[in-house]
Amino acid sequence: MLLVLMTSPNRIVQIDDIKRAVWGMTDVQPVQLHKQVAHNRKLLLAAGRDDIKTYNNVGYELRVEARDHDLLWFQHLVLEAARDDVKGTSRAVELLREAVRLWPQHSSADVNAFGADLRFKRVRAMTKLCEAEFTLGRYDEVLDDLLPVAEANPTDVRLRFLLMLALYRVGHTAEALMACDRHRAALEQDTNSSTLDPRIRTLAYAISKGDVAAIDKAEGVASTAAASASAPSLVVPRQLPADLTDFVGRSAFIETMTGLLQAHGRTAPAVVVLAGRSGIGKSTLAVHVAHKIRDDYPDGQLYLKLLGPGEQAEEPAEIMAQVLRTFSVPVPDRHEERAAAYRTLFGGRRMLIVLDDCHGEEQIRDLIPGEPGCAVIVTGRRRLTGLTGAHHLAPLPPLAAHEALTLFKQRVRASGIDPDTHPEETARAVALCAGEPYAIAIIAALRGRHDGLGPEELVRRITNERLPSLTYGDRSVDRSIGAGLHDLGPAARRLFHALGLLRLPDFGLWTVSAALGDGTDPYEAVSGLTQLDLLQVDDYGRYRFYDLTREYANRHATYLFPDAGSRERVFDRVYGSLLTMVRRAHGRIHGGDFETVHADLPNLSIPEEFTAAVDRAPMRWLEVERANLRAAVRHAADLGRAGLAWDIAASAHEFYTISGYLDDWQATHLDALRVCRAAGDGRGEAMLIAALGQPAYAAGGRAGVSRAPQLANAVRRFQEHGDRHGEAIARRTLGNALRRSGDRLAAIEQFETAEALYLACGDLVGRWQALRYVGQTHLDGGDPAAALAILRRADAVAATVPSLRVLAQSAYWLGRAYLAANQVESARQQFHRVLATIEDNDVIGRAYSYHALGDTAIAAATSTQDQTADSMRAEAFEHFETARELAQQGADAVLEGRILTSMGEAYAAGGEIGQAGRALIRAEVCFRSGDAVYLEDRARTVRERLGVQG
């Protein structure tokens, strides 16, 4: 793993890339990865370094200064030598010599893929060193470095030319000609051809004849990178548009592209395809890279625009004719003859071709030359996966925030305006461009036109109407995005705007199917959008808009959905499908539709291919859709759809409970409560109030916890609607509120009434919950015998529920009752039953178990007088610390308070009064934040009895 990070210094290496490199697969348990990270941190720490930075759920980065990393220092030296004020001087020679000597020619690094890349870079640096030495007339000083590199790369034309020239210049004419012979033999072995490059052939002939003038001429032509196999009368095209002086970012893409396009020993032309949506900077990057490598293609650079006026694709035949006319070559009429003439033109030449704004594979197949010495950069909005033999790069992402800000400031500064005034407003304006270079260029032009438009006004305009304000002259972000839609079919176009109506952060294929709503193949429709980079797609088949593209889709949706009714049908299909599947997932968690009630909305018909994922792993499906649940509830609330909003929220509350997502619980339920009150939906309001009073939510110390009066009102609301199931839920929740306030008798009454209602409704989980809480209340009151009787009944009900979580919780509270009755061994058995039942990711369940095992160990230590008591106490505190850490992880303040209370009592029993007091004070704070008044009072009583001040 350390090698993987070292070969990508100061870059985040994705978790899956690390897994593939280390284990050869991505199906690796997180604990294995964490062990690897810990091992490598230990290695670095032993060397006095701590360079690995963690990006949670993303990857890892080795942060290192250039001077401490050979590759970074190598790159620094080469770049320094290329500076205008250094190039051609003895200082450049010193820098390049240090660079090539960083690694011996036969370094062990050369045996792996990274070594191959390094070898290529070393060859390029060696070439530059020779050219620098030759410029200074120092041929002999470079031979010792050049000879081993040239012999290790015997087919490299440029290295062989330099070696032959150096040998001749120092008087070794015979050796120079022998070097040519070795080059010819290597070519014959590798390519089955002994044909020499014209530059090598010309130099060898001149050396053999002793023609000093011809040798001088060959060296002069080579040093200016103008050597060519073409006839002297042919033009050398230099068609690249000007490079940007303020180019920003894209370093990984530049490195990949230059590496591919400068590679030696090719048997076919290098073709790099760069796809992405309009305005993301494809053409700019292609031109920037082309300028960087143009010296590698001395026979010329062609720039061909493939999209004509009105977004019409240029015909391949016309493009070929354009190229032939550039070289004054007659243009045949027949397509086949024209293509043959086009390919012949590139024979024996090293030329670079940029094909910009490609419409599709069929447009450029005949434009790819067959000459291995040529290279092609293709840009286009559409992924060209049908173009074989090409290197297809990932779509360009938006610029990072700091890169976007740098680009904006450079443009504005060039206009004569100081971009560093009002830094906060400037950063906000740039952020509103969502990292899109085209949009940033427009706001930089607006800011730089000296008309008094300051950063504050710029932010106001973009905030109020983002897309319309991103316009300058003939440049418009709105039109640029719209141009990318020209090639969409009817289904893909309808899908694009339907998804734009929604506020979901991402989409599954089921969302696509629901948005279409007409039986159209969802994969076929969404593929049209991903091929044009109008939607991103991740490795898990989830789709996501880019920020400005989403706004465009929403803003222009009225063209396809002009009336409110058509838009509402999209909402009904998508959010109704989401509700149907959330209900289904809720029912799969405990094996039945327990512990919730639903709005009077029908379930929609969902294809089995989508419901299968819910049935197979309901919690995983809910985790994937987690952000969408929250967004859908808020959007439904804003649309006034009270039933949709509260049913999605209520159906998800068990998922939130198990996963500990209290923020999501709070946000969804409060949003739904808002619309229920506005719409006068009393039943929905009652369900949400009941859910916001659940013990797990109340224990988290969040705002909006329902109090006893509100819950009593919820009971009345359900009674008014004749909803006995809802009444049972509200009564059980009211019982817990009363229990937290210390009114145990009233609490038991509510629990018992709820249990009878649950029984009548057939809700097994609700009935078990009600019985369990009666037992817990008896435990609170110090009556373990009554608690045991009730909790055994609860355990019998739990045995009929197909849910491991229910069985685990039942065993836990039964164990608590045994412990209170001083039946220590029976208690321990129940707690180990819990650990054997719950899943590893059930953080709170494990916290409860370890807390209970700690209490059990203390009870066992108290009942024994031999030397094992101390070890039992030590074991207890280990369990307590583990439990407390898990409770904090699960954000359960009440549970943490219970654990601290146990620790305080154990410290006190051991005579450690100071430690006991501190633990109890922290317990009181936890109980207070979780609104557990009766537990707070109990911890305070114990502390005061010990004589410890609060």
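Provided above is the structure to which this section pertains.
We now turn to the structure provided with this report. Just so you know, these numbers come straight off a predicted model, no measurement behind them.

## Considering the overall build of the protein
Secondary structure summary: the protein contains 46 helices and twelve strands in total. With respect to the three principal axes, the spread of C-alpha positions in the protein is 115 × 75 × 55 Å. Per-residue burial over the protein gives 53% buried out of 950 residues. Carbon and sulfur atoms make up 50% of the accessible area of the protein, which amounts to about 41600 Å² in all. Taking the 110 positively charged and 123 negatively charged side chains of the protein as two groups, their mean positions are separated by 1 Å.

## Points about helix α12 (residues 251–261)
Turning to α12, its buried residues number three or more, namely F253, I254, M257, T258 and L261. Along the long axis of α12, the arc covered by the buried residues comes to 120°, so they all point the same way.

## Some points on the packing of helix α37 (residues 744–761) against helix α38 (residues 764–780)
For any two helices packed against each other, one specifies the inter-axial angle together with the distance between the axes. α38 packs onto α37 with a crossing angle of 160° between their chain directions and a minimal axis gap of 8 Å. One way to sum up the angle between α37 and α38 is to call them roughly antiparallel. The handedness of the crossing between α37 and α38 comes out as left-handed. The residues of α38 that touch α37, namely those facing R744, I748, F751, E752, A754, E755, Y758 and L759, are G766, R767, A770, L771, Y773, V774, T777, H778 and D780. Grouping the amino acids of the contact of α37 with α38 by side-chain chemistry returns nine nonpolar, three polar and five charged.

## Quick notes on helix α8 (residues 157–169)
Over its 13 residues, α8 runs 18 Å from end to end, which matches the ideal 18 Å to within 8%, given 1.5 Å per residue. Buried residues dominate α8, accounting for eleven of its 13 residues. A positive phi of about 95° marks G171, the residue just after α8.

## Regarding the environment of R717
Considering the arrangement of structural elements, one finds R717 in helix α35 (residues 708–720). Sequence-wise, R717 and Q410 are 307 residues apart; in three dimensions their C-alpha atoms are separated by 63 Å. Ignoring anything within four residues of it in the chain, the contact list for R717 reads G682, E685 and A686. Within polar-contact distance, the side chain of R717 engages the side chain of E685 at 3.2 Å.

## Section: the packing of aromatic side chains
Throughout the structure, instances matching the rule amount to 16 aromatic pairs. Between F134 and Y139, the ring centres sit 4.7 Å apart and the planes meet at 40°, which makes this aromatic pair tilted. In this structure, F134 and Y139 share a single accessibility class: buried. Where F655 meets Y661, the ring centres are 5.5 Å apart and the plane angle is 70°; that geometry is what we call edge-to-face. What makes F655 buried here is its relative accessible area of 1%.

## Considering the side chain of Q769
Within the secondary structure layout, Q769 lies in helix α38. Here R772 takes part through its side chain, which lies 2.4 Å from a polar atom of the side chain of Q769. If sequence neighbours within four positions are ignored, Q769 has contacts with E595 and R732.

## Overview of the pairing of strand β7 (residues 375–380)
Along β7, six of the six residues are buried, which leaves the element largely enclosed by surrounding structure. The sheet contact formed by strand β4 (residues 270–275) and β7 spans six bridges and is parallel. What sits directly across from L274, in β7, is T379. Sheet topology note: the strand β6 (residues 352–358)/β7 ladder contains five bridges and is parallel. Within β7, the residue paired with I353 across the bridge is V376.

## A short note on the packing of helix α27 (residues 564–590) against helix α31 (residues 642–659)
The contact between α27 and α31 brings their axes to 9 Å, and the two run at 35°. By crossing handedness, the relation of α27 to α31 is classed as left-handed. The residues of α31 that touch α27, namely those facing Y575, G576, L578, L579, V582, R583, H586, I589 and H590, are L644, D647, I648, S651, A652, E654, F655 and I658. For the contact of α27 with α31, the per-class residue count stands at ten nonpolar, four polar and three charged.

Here is what the cut-offs are and how they apply
- For every chain, the first residue of its written sequence is number 1, and the numbers climb from 1 along that sequence.
- Given that the model is predicted, a residue must reach a pLDDT of at least 70 before its local features are reported, and side-chain atom pairs must reach 80 or more before they are shown or counted; all residues, however, enter totals for whole chains, interfaces and linings.
- The side-chain quantities take in all heavy atoms of the structure and omit both hydrogens and water.
- Secondary structure is summarised from DSSP: a helix means a run of H or I of at least four residues, a strand means a run of E of at least two, and numbering begins at the N terminus for each.
- Residue exposure (1.4 Å probe, protein chains only): buried if accessible area is under 20% of the type maximum, exposed if over 50%, otherwise partly exposed.
- Note that accessible areas follow from Shrake-Rupley with a 1.4 Å probe, and for residues the cover is restricted to the protein chains shown.
- None of His or the chain ends enter the tally, which takes Lys and Arg as positive and Asp and Glu as negative.
- Every charge is mapped to an atom, namely NZ of Lys, CZ of Arg, CG of Asp or CD of Glu.
- The directions from the helix axis to the C-beta atoms are what the arc is built from.
- For helices, the axis comes from a line fit to the C-alpha atoms of the stretch in contact; other axes are also lines fit to C-alpha atoms, and the angle between any two N-to-C directions lies between 0 and 180 degrees.
- Any angle between 65 and 115 degrees counts as roughly perpendicular, while under 35 counts as roughly parallel, over 145 as roughly antiparallel, and the rest as oblique.
- Handedness of each helix crossing follows the sense of rotation of the near helix against the far helix: counterclockwise by less than a right angle gives left-handed, clockwise gives right-handed.
- Pairs of residues are marked as contacts when any of their non-hydrogen atoms sit within 4.5 Å.
- In the scheme used here, Gly and all other residues not listed as nonpolar or charged are polar, with Ala, Val, Leu, Ile, Met, Phe, Trp, Tyr, Cys and Pro taken as nonpolar and Asp, Glu, Lys and Arg as charged.
- Multiplying one less than the number of residues by 1.5 Å gives the expected span of a helix.
- Two N or O atoms count as a polar contact when they lie within 3.5 Å, although within protein this holds only if one can serve as hydrogen donor and the other as acceptor, and sequence-adjacent residues are included solely when both atoms are side-chain atoms.
- Aromatic pairing here means that ring centres of Phe, Tyr or Trp (its six-membered ring) are within 6.5 Å. Orientation follows from the plane angle: under 30 degrees is stacked, over 60 is edge-to-face, and everything else is tilted.
- Two strands are counted as paired when DSSP detects at least two bridges linking them.

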